[in-house]
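Geometric and topological summary
Here are the chains, one letter per residue:
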Amino acid sequence: MNPQKRIWKYGDNINTDVIFPGKYTYTMHDPTEMASHALEDLDPTFASNVQTGDIIVAGKNFGNGSSREQAVTCLTAAGVGAVIAISFARIWYRNAINNGLPAIICPRAVAEAEHGGHIMVDMQHHTIALDAHNFPFAPFSETARDILEVGGVIEFVKQKVQNQIDS
Amino acid sequence: MILAQTFAQKALARASGVTEVSVGTTVDARPDRILSHDNTAAIAKIFSQFGLEHVYESEKLAITLDHAAPPPTPLHARNHAEVRKFVSDQGINNFFEVGRGICHQVLSEEALILPGQLILGADSHTTHFGWMGAFGAGVGRSEAATLWATGELWLRVPESIQVTLSGALPLGVSSKDLCLHLIGQLGADYGLYSSVEFDGSGVSTLSIESRMVIPNFMAEIGAKNAYLPPDDLVFEWLSVHSNRNDKQSSIRENAIYPDQGAVYSQAVEVDLDTLEPQVACPHSVDNVKSVQAVAGQKVNQVFLGTCTNGRLEDIAVATRLLHGRKIANGTRMLIVPASSQVLQAAIEQGYITTLLEAGATLGTPGCGPCMGNHMGVLAPGDVCLSTGNRNFRGRMGQPEAEIFLASPEVAAATAVAGMITDPREFEAL
Ligand code: SF4
């Protein structure tokens, strides 16, 4: 498998309403259907062309707005492998980690990345490779790392609850 | 020696059962209240994966049906039915039916959260509860399920931004204009991860209802929570509203104030006297202009409501401006009170009669069309002036519609003129 992934690049303040419109939030549950509406009001070409492992690169404050978790899960269902941004809105960031989606803060990589270009993310060594350049990013906090390692908060809590029952 | 602490440090130390916490560390906090709404059914599905029969502390949960209430489609109705089933299976007392109102307003009215407490809500505007000096933060659905299962959640102790208010608001200018001014000046990411803590002599000049606008809106600058220092007005309001007979003195004792000398990452000063009516233009909340700069912009829908500005004070000012006038041809005005108490008071005061005579229409207390579910969603090409807090593309149902955000004063003046209008032109103010 080619570790090079395709870049979808967007600007600042990509909000949850354009990632996953509010009108669908209480009625749409099927992941495939959710994926087909991902980024619908921002980039109508995204949902039909995104491929597994593709990476979204964006500017400041990605995911601002609503707490709706579908603004993360519609992307994971669409196959997005990671989101790299200058900064993230806090609830979106937590939702991403909680759903096992790496949300990586790396302004230098954002500056270099081009829409449609290729990128490699090395989670082990906290680096992003773009063309000939390597950009380091800060490791995740201990809790975030633990959650990402088991694939999300549900598994994380399941294990915690199990431990409490066992002990 | 304990160093001087911010509000956020003190509140999170209390909620995690320690004497002191440092900024940037992660704590396991135990909230006093956990809020959810129409999303309760989705949270319950996640919760069911944990294999637990009961939520950890059912008395801590508070649940409202407000986001698509009454349900506009059979699918929405099914969602509500699932919420009701969960509520009855888990024996949850603090459940508020369709029509009671918007979660943040209802929990405030019911005094289900008090100064110095921690509330985590599966709603991004849970920052709201800072109006009374509580720590309110939004969480996702998985985290709400986690809280139901374990009663605790990891939270990072945020940096704090100090916003000092002096002076008093001029006529025709409201706390919404203060919020729009701040976000316009500072940008939608200024407060990312931060606790936005207000102080200064300007705070006590504000009514309770206009205080509620401020922390609610601070979600839009990315804040984790926001805080206004509670005063006697707040303690009295809460003790009157509490049906548990919380004594004013005990409410007061639990209030938290930042220490003199606490360390802030940024400091902002605003002289309320200098503010003017503001408008956030499509399609971002920080695209803010003065009302004069956008005056004349045609509007075909005015929406007065939401957890930001759907309270009695907001309906009262709209009534004053619309009294004896008619809403402009080609413009419609929707009024959705934030709660049943607001609606009842507005009826008793005669406001609703005046507004209906002017040609406005009324929706069931709740979120209304704020997030595009129902009761006034927009058509392509529609231009709406809303008193809400978000104007993102597609927010009210249609990506080809435009949403402007402003105060209730601007909303009412705009309804009369059919175009964005400076309310200070009206003597009735
Ligand atoms: S009124 Fe709007 S912003 Fe407030 S809780 Fe409802 S949907 Fe959210």
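It should be noted that the structure appears before, not after, this text.
Residues numbered from 1 in each chain as written. Chains lettered and ligands numbered in written order. Predicted model: local features only at pLDDT ≥ 70, side-chain atom pairs only at ≥ 80, totals over all residues. Heavy atoms only, no water.

Brief notes about the overall build of chain B
As a reminder, the rule being used: Working definition: helices are DSSP H or I runs of at least four residues, strands are E runs of at least two. Numbering for both runs from the N terminus. Between the two quantities, the radius of gyration covers C-alpha atoms and the globule rule is 2.2 Å times the number of residues to the power 0.38. Type-normalised accessible area, obtained with a 1.4 Å probe on protein chains alone, sets the label of each residue: buried when under 20%, exposed when over 50%, and partly exposed for intermediate values. Values of accessible area rely on a 1.4 Å probe in the Shrake-Rupley scheme; residue burial ignores everything except the protein chains shown. By the counting scheme adopted, Arg and Lys are positive, Glu and Asp are negative, and His together with the chain ends is not counted. In plain terms, the charge of a residue is placed at NZ if it is Lys, CZ if Arg, CG if Asp and CD if Glu.
On a plain count of helices and strands, chain B comes out with 15 helices and 18 strands. Against the compact-globule benchmark of 22 Å for 429 residues, chain B has a radius of gyration of 21 Å, which places it among compact chains. Based on the C-alpha atoms only, the size of chain B along its principal axes is roughly 60 × 50 × 40 Å. The buried share of chain B, reckoned over its 429 residues, is 64%. With the model as given, the accessible surface of chain B reaches about 14400 Å², and the carbon-plus-sulfur share is 49%. With 29 positive and 45 negative side-chain charges, chain B shows a spacing of 5 Å between the two charge centroids.

Section: the site of the ligand
Residue and element names in this part refer to chain B. Under the convention used in this document: For each residue, the test is whether any non-hydrogen atom lies within 4 Å of the molecule or strand; if one does, the residue is near. Each residue receives one of three labels: charged for Asp, Glu, Lys and Arg, nonpolar for Ala, Val, Leu, Ile, Met, Phe, Trp, Tyr, Cys and Pro, and polar for the others, Gly being one of them. Either an automatic procedure or a domain database provided the assignment from which the domain bounds are taken.
Lining the immediate environment of the ligand, one finds His67, Ile102, His104, Asp123, His125, Thr306, Cys307, Cys367, Cys370, Met371, Asn389 and Arg395. Here the shell around the ligand is composed, by residue class, of 5 nonpolar, 5 polar and 2 charged. A domain-level breakdown of the shell around the ligand finds at least three residues from each of domain 1 (24–271) and domain 2 (277–427).

A short note on the interface of chain A and chain B
For clarity, the threshold we go by: The criterion used for residue contact is that any of the two residues' heavy atoms lie within 4.5 Å. Accessible-area loss on putting two parts together, using a 1.4 Å probe and summing over both, is the definition of buried area adopted here. Any carboxyl oxygen of Asp or Glu that lies within 4 Å of a side-chain nitrogen of Lys or Arg is treated as forming a salt bridge with it. Throughout this description, a polar contact denotes any pair of N or O atoms lying within 3.5 Å of each other; where both atoms belong to protein, one of them has to be capable of donating a hydrogen while the other can accept it, and for residues adjacent in sequence the pair is counted only when both atoms sit in side chains.
Of the residues lining the interface, 37 residues belong to chain A; the matching set on chain B comes to 46 residues. Together chain A and chain B conceal approximately 3700 Å² of surface at their shared face, both sides included; 55% is due to carbon and sulfur atoms. The largest share of the area that chain A buries against chain B comes from Tyr26(A), Arg90(A) and Arg94(A), three residues that together contribute 23% of it. One can count 4 salt bridges joining chain A with chain B. The tally of links between chain A and chain B comes to 11 residue pairs in polar contact (both at pLDDT 80 or more). Only helix H1 (16–19), helix H5 (90–98), helix H7 (142–150) and helix H8 (153–166) of chain A provide two or more residues apiece to the side of chain A that touches chain B. Its residues assigned to classes, the side of chain A that touches chain B comprises 11 nonpolar, 16 polar and 10 charged.

Topic: the packing of aromatic side chains
For clarity, the threshold we go by: A pair of Phe, Tyr and Trp rings is counted when the ring centres sit within 6.5 Å of each other, with Trp represented by its six-membered ring. The angle between the planes then sorts it: under 30 degrees is stacked, over 60 is edge-to-face, the rest tilted.
What the rule picks out here adds up to 13 aromatic pairs over all chains. On the numbers, 4.9 Å between centres and 80° between planes, the contact of Phe62(A) with Trp92(A) is edge-to-face. Placement of the pair is Phe62(A) in the loop between strand E2 (55–58) and helix H4 (70–78) and Trp92(A) in helix H5, with a sequence separation of 30 residues. By the burial criterion, Phe62(A) is buried, and Trp92(A) matches it. An aromatic cluster is defined as three or more aromatic residues linked by ring pairs; in this entry it consists of Phe62(A), Phe88(A), Trp92(A), Tyr93(A) and Tyr193(B).

Observations regarding helix H12 (residues 312–322) of chain B
Residues and elements named next belong to chain B. Judged by how many residues are buried, H12 sits mostly within the fold: 8 of 11 residues are covered. Three or more residues of H12 are buried, namely Asp314, Ile315, Ala316, Val317, Ala318, Thr319, Leu321 and Leu322. Buried residues belonging to H12 abut strand E14 (301–305), helix H11 (306–309), strand E15 (332–336), helix H13 (340–348), helix H14 (351–358) and helix H15 (408–417). Just beyond H12, the residue with positive phi is Gly324, at close to 75°.

Structural notes on unusual backbone geometry
In this structure, Pro70(B) follows Ala69(B) across a cis peptide bond, with omega equal to -5°. Between Pro282(B) and the following residue, His283(B), the backbone shows a cis peptide bond with an omega angle of -5°. With respect to the helices, strands and loops of the structure, His283(B) is situated in the loop between strand E12 (278–280) and strand E13 (288–290). Of note in the backbone geometry, Asn13(A) takes a positive phi value of approximately 50° without being a glycine.

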